[in-house]
Amino acid sequence: MGKFRVSLKVRCLYYDGERNQEIFCKGLMDNSRIHQGFAHPGLMDTCKERFCETQNWQDCPIARMLASEGIEPDK
């Protein structure tokens with residue numbers, strides 16, 4: 001696995017980093033991640049703008065799923 005980078009614009013507390021055309025979110029278990037891969041960078045940017053970088057990041061389907069499973073976001 002290559003190195004991750006972190007976007008300073010992201011507000012979502014489940015966001016764990018990104019690499020190339022991939023976003024990583026906190027996973028369902030300790031030391032796990034949810035991986036989203038995108039066909040091109042524009043799709044990744046759209047997803048980040050819509051879900052990760054917004055004040056309403058809790059509306060993200062992944063954030064809702066993690067919260068419903070009792071997974072605490074990072075502070």
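Residues numbered from 1 in each chain as written. Predicted model: local features only at pLDDT ≥ 70, side-chain atom pairs only at ≥ 80, totals over all residues. Heavy atoms only, no water.

Comments concerning the pattern of salt bridges
Here's step 1: Summed over all chains, the structure comprises 5 salt bridges.
Here's step 2: Among the salt bridges present, the one from Lys48 reaches Glu18, with a minimum N-O distance of 3.1 Å. Of this pair, Lys48 sits in helix 1 (residues 41-52) while Glu18 sits in strand 1 (residues 15-19), placing them 30 residues apart in sequence. An identical accessibility class is assigned to Lys48 and Glu18; each is buried.
Here's step 3: By sharing partners, the salt bridges in this structure join Arg5, Glu18 and Lys48 into a single network. (Salt bridge = Lys/Arg side-chain N within 4 Å of Asp/Glu carboxyl O. Helix = DSSP H or I, 4+ residues; strand = E, 2+ residues; numbered from the N terminus. Buried < 20%, exposed > 50% of the residue type's maximum accessible area, 1.4 Å probe, protein only.)

Looking at unusual backbone geometry
Here's step 1: Positive phi values are uncommon outside glycine, yet Asn20 reaches one of about 50 degrees.
Here's step 2: Here Asn20 is to be found in the loop between strand 1 and strand 2 (22-26).

Comments concerning the environment of Arg50
Here's step 1: Relative to the helices and strands, Arg50 is located in helix 1.
Here's step 2: Of the residues examined, Arg50 reaches a relative accessible area of 60% and is grouped as exposed.
Here's step 3: Sequence separation between Arg50 and His40 is 10 residues; the distance between their C-alpha atoms is 16 Å.

What to know about the nonpolar core
The tendency in soluble globular proteins is for nonpolar side chains to be buried as a group.
Here's step 1: Membership of the largest hydrophobic core comes to 18 residues, with the highest contact counts inside it found for Cys12, Tyr14, Ile23, Ile62 and Leu66.
Here's step 2: Going through the elements one at a time, strand 2, helix 1 and helix 2 (61-68) are the ones with two or more residues in this core. (Core = buried A, V, L, I, M, F, W, Y, C linked by side-chain atoms within 4.5 Å.)

Here's the deal with the packing of aromatic side chains
Here's step 1: For the coordinates displayed, the defined rule picks out 2 aromatic pairs.
Here's step 2: Where Phe4 meets Phe24, the ring centres are 4.5 Å apart and the plane angle is 85 degrees; that geometry is what we call edge-to-face. Pair noted here: Phe4 is in the segment before strand 1 and Phe24 is in strand 2, with a separation of 20 residues, a long-range link.
Here's step 3: Its relative accessible area of 29% is what places Phe4 among the partly exposed residues.
Here's step 4: Ring centres 5.9 Å apart and planes at 75 degrees place the aromatic pair Tyr14 and Trp57 in the edge-to-face group. Within this pair, whereas Tyr14 is found in the segment before strand 1, its partner Trp57 is found in the loop between helix 1 and helix 2, the two being separated by 43 residues in sequence.
Here's step 5: Since its relative accessible area comes to 11%, Trp57 is described here as buried.
Here's step 6: The side chain of Arg19 reaches across the aromatic face of Phe4, ending 5.4 Å from its centre. (Phe/Tyr/Trp six-rings, centres within 6.5 Å; stacked < 30°, edge-to-face > 60°. Lys NZ or Arg CZ within 6 Å of the ring centre and 35° of its normal.)

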